[in-house]
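Each chain, letter by letter, is given below.
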Amino acid sequence: MEKTFDPLKVVEWQDAIIRIQSTVIDELFLLLMQHISAEEADRLPVLDKISTAAKIRQDLVDGAQGGKGPP
């Protein structure tokens, strides 16, 4: 017998997982920044990706608050 899930519940679970993963990534990045110089940090390619993700997150927050939202 196949088990079915409420699609809304699945989305809620996925959202919770993504939020946990995001928090862990942020914490690991802060730990990394404690062990490298500012010059080394500026050369990290992942910094651009983190900045892009932060901008998208802010656009989503702005959109939820009646702002412009994501592109």
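In this text, all values refer to a predicted model and were calculated from it rather than measured experimentally. (Residues numbered from 1 in each chain as written. Predicted model: local features only at pLDDT ≥ 70, side-chain atom pairs only at ≥ 80, totals over all residues. Heavy atoms only, no water.)

Quick look at the overall build of the chain now. Assigned secondary structure in the chain consists of 3 helices and 0 strands. Helices and strands appear in the chain in the N-to-C order α-α-α. For 71 residues, the compact-globule estimate of 2.2 N^0.38 gives 11 Å, and the C-alpha radius of gyration of the chain, at 17 Å, exceeds that figure by more than 25%. Each of the three principal axes of the chain carries a C-alpha extent, and together these read 55 × 35 × 15 Å. Classification of the 71 residues of the chain by burial places 6% in the buried group. By element, 63% of the accessible surface of the chain is carried by carbon and sulfur atoms, the whole surface being about 6300 Å². (Helix = DSSP H or I, 4+ residues; strand = E, 2+ residues; numbered from the N terminus. Rg over C-alpha atoms; globule rule 2.2 N^0.38 Å. Buried < 20%, exposed > 50% of the residue type's maximum accessible area, 1.4 Å probe, protein only. Areas by Shrake-Rupley, 256 points an atom, 1.4 Å probe, with all protein chains shown as cover.)

It is worth spelling out the layout of surface pockets at this point. What the largest pocket holds in volume is close to 220 Å³. Surrounding the largest pocket, D15, I18, R19, Q21, S22, T23, D26 and R57 form its lining. The dominant element in the lining of the largest pocket, judged by the number of residues it contributes, is helix α1 (residues 7–33), at 7 residues. Residues of the lining of the largest pocket, tallied by class, amount to 1 nonpolar, 3 polar and 4 charged. (1 Å grid on protein atoms, 1.4 Å probe; cavity = no way out; pocket = protein on both sides within 12 Å on 5 of 7 lines; lining within 4 Å. Points joined across faces, edges and corners; volume = space filled by probe spheres on them. Nonpolar A, V, L, I, M, F, W, Y, C, P; charged D, E, K, R; others polar.)

Taken as a whole and judged by the stated rule, the model has 4 salt bridges. The residue R57 makes a salt bridge to D26 at a minimum N-O spacing of 3.9 Å. Of this pair, R57 sits in helix α3 (residues 45–64) while D26 sits in helix α1; the two residues are 31 residues apart in sequence, bridging distant segments of the chain. Using a relative accessible area of 43% as the deciding quantity, one classes R57 as partly exposed. (Salt bridge = Lys/Arg side-chain N within 4 Å of Asp/Glu carboxyl O.)

A cluster of nonpolar side chains, I20, V24, L28 and L31, forms an exposed patch at the surface whose accessible area comes to about 370 Å². Along the chain, L28 falls in helix α1. (Patch = residues over 30% accessible without salt bridge, like charges linked within 9 Å, V, L, I, M, F, W, Y side chains within 5 Å.)

Quick look at the environment of V61 now. Residue position: V61 is located in helix α3. Looking at V61, the relative accessible area reads 35%, which means it is partly exposed. For V61 and D6, which are 55 residues apart along the polypeptide, the C-alpha to C-alpha distance reads 26 Å.

A few words on the packing of aromatic side chains. Within the structure shown, the criterion is met by 1 aromatic pair. For the ring pair F5 and W13, a centre distance of 5.4 Å and an interplane angle of 75° mean the geometry is edge-to-face. Of the residues examined, F5 reaches a relative accessible area of 46% and is grouped as partly exposed. (Phe/Tyr/Trp six-rings, centres within 6.5 Å; stacked < 30°, edge-to-face > 60°.)

If you check α3, its first and last C-alpha atoms are 30 Å apart, about what 20 residues at 1.5 Å a residue would give, namely 28 Å. Following α3 by one or two positions, G66 has its phi on the positive side, about 90°. (Expected span 1.5 Å × (residues − 1).)

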